Amino acid sequence: GPAAAPRPAGTALPAPATLLPAPAPAPPSVPRRLSFSSLGEYGRCGYRWYLRRVLGLPEVRPPPPATPAAPGLQRPGGLDALLRGTLVHVLLEDLDFARPSAPAPEAVAAVAAARDAELTEAEAADVTRLVESFATSPLCGRLADARAARREAPFAFGLEPGTGGLLVHGVVDVLATEDDGGVLIVDYKTNPLDALDPEELTARDYDGQRLVYALAALRNGAPRVEVAHCYLERPDAPATAVYGAADAAALGERLVTLAGGLLAGSFSVTDTPHRELCASCPGRRALCSHPETLTLRPA
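Residue positions are given per chain, counted from 1 along the sequence in the order it is written. Whole-chain, interface and lining totals are the exception, using all residues; otherwise, since this is a predicted model, local features are given only for residues with pLDDT of at least 70 and side-chain atom pairs are given and counted only at 80 or more. No hydrogens and no water enter the side-chain calculation; it runs on all heavy atoms of the structure.

Student: With reference to specific residues and values, describe the overall build of the protein.
Tutor: Helix and strand assignments come from DSSP, with helices taken as H or I runs of at least 4 residues and strands as E runs of at least 2, each series counted from the N terminus. Broken down by element type, the protein carries eleven helices and six strands. Only heavy atoms enter the contact rule, under which two residues are in contact if any of them lie within 4.5 Å. Counting contacts in the protein only where the partners sit at least 6 residues apart, residues at least 24 apart contribute 67% of the total. Each accessible area is a Shrake-Rupley estimate made with a 1.4 Å probe; only the visible protein chains count as cover when residues are assessed. Here the protein displays about 16,600 Å² of accessible surface, and carbon together with sulfur accounts for 56% of that area.

Here it is in structure tokens:
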């Protein structure tokens, strides 16, 4: 039959569009090395960890408390808490456990000056008091009697040995080997206890840290490890936990569980918001699912 008439130019319909599935969002970057402090922050609130560690959002200035702290709960002096803790830790690094004594005023002033700080008389006295409180504690006596004591001792171990996965690392304030071969780990704490018992505060805020410290020592071959969180307001009553070699497997499982959500890219908001945790969080005012009646309530 006759050939079909050619279609006029410019009237051809475009080929149907090919619909491609949207690419899956890339998971947040999770570091292959994780400090115990970072892991502890994740355990307290995964969403805050994501905002700070992944997005890099800065902390915000906390609003003033609704009611002023009672006089007994106010920190002596007006020194910034982070600087206060740093000065005390540096001075404790030079403490002779066998012949402990309070630091000289010149030493306190020099440590502060090295950090571009000039302390008031009350602030210097507060720092001195915390160092002296440990110097006269039973825990200091145990360190003096230990076979060996190492300050600022670094550690690192694989989260799951033999897998080449996440490496957990950190530094302990003091690691001592006692006469029976057991290890004593001491962590100095300068934060105020307020109305809490040392064990209560440690269980609430430092359980992950205790877990990591113990596992580091046990995986290094220690037959026994005692982890002591020493709050310098009450150095005579440290929060302690003792573990043996037989506990290493269970501790490892707990640590894998703690880090599992992070490795899977899960960043859930805490179920227990409170002022101490949330006041400086960059997501508190507009991004958090909790109202400020909860995020600004007392711990």
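Back to the write-up after that little detour.
Student: Requested: an account of the nonpolar core, with residues and values cited.
Tutor: Formed by 33 residues in total, the largest nonpolar core has its most connected members in Phe-155, Phe-157, Val-212, Val-225 and Leu-255. Among the elements of the structure, helix 1 (36–44), strand 2 (148–158), strand 3 (167–177), strand 4 (183–189), helix 8 (207–219), strand 5 (224–231), strand 6 (239–244) and helix 9 (248–263) are those that each provide at least two residues to this core. The greatest single-element share of this core, amounting to eight residues, is contributed by helix 8. Ala-112, Phe-134, Val-174 and Cys-230 belong to the second-largest nonpolar core, a separate cluster that totals 30 residues. Take the buried residues of types Ala, Val, Leu, Ile, Met, Phe, Trp, Tyr and Cys, join any two whose side-chain atoms come within 4.5 Å, and each joined set is a nonpolar core. Burial status follows relative accessibility: with a 1.4 Å probe on protein chains alone, a residue under 20% of its type maximum counts as buried, one over 50% as exposed, and anything between as partly exposed.

Student: So what's going on with the packing of helix 3 (residues 81–93) against helix 5 (residues 121–135)? Residues and values would help.
Tutor: For every element, the axis is a line fit to its C-alpha atoms; helices are fit only across the contacting stretch, and the angle between N-to-C directions ranges from 0 to 180 degrees. Put simply, helix 3 and helix 5 touch, their axes get as near as 10 Å, and they point 45 degrees apart. In terms of their interaxial angle, helix 3 and helix 5 are classed as oblique. With respect to the hand of their crossing, helix 3 and helix 5 are arranged in right-handed fashion. Across from Arg-84, Leu-87, Val-88, Leu-91 and Leu-92 in helix 3, the residues of helix 5 making contact are Asp-126, Val-127, Arg-129, Leu-130, Val-131 and Phe-134. As a working rule, the residues Ala, Val, Leu, Ile, Met, Phe, Trp, Tyr, Cys and Pro are called nonpolar, Asp, Glu, Lys and Arg charged, and the rest polar, with Gly in that last group. Among the residues making up the contact of helix 3 with helix 5, the classes are represented as eight nonpolar, no polar and three charged. Any angle that falls under 35 degrees is termed roughly parallel, while one over 145 is termed roughly antiparallel, one within 65 to 115 roughly perpendicular, and all others oblique. For a crossing to be left-handed, the near helix must be turned anticlockwise from the far one by less than a right angle; the clockwise case is right-handed.

Student: Outline the pairing of strand 4, supporting the account with residue identities and numerical values.
Tutor: The element strand 4 is largely enclosed, with a buried count of seven among its seven residues. Of the two faces of strand 4, both are covered, the one formed by Val-183, Ile-185, Asp-187 and Lys-189 as well as the one formed by Leu-184, Val-186 and Tyr-188. Strands pair, by our definition, only if DSSP identifies at least two bridges between them. Inspection of the sheet shows strand 3 paired to strand 4 by four bridges, in the antiparallel sense. When the bridges of strand 4 are listed, Leu-175 appears paired with Ile-185. Connecting strand 3 to the next strand, strand 4, in antiparallel fashion are five residues, including Gly-181 with a positive phi near 90 degrees. Relative to strand 5, strand 4 runs parallel, the two sharing seven bridges. Directly across from Tyr-188, in strand 5, lies its bridge partner Cys-230.

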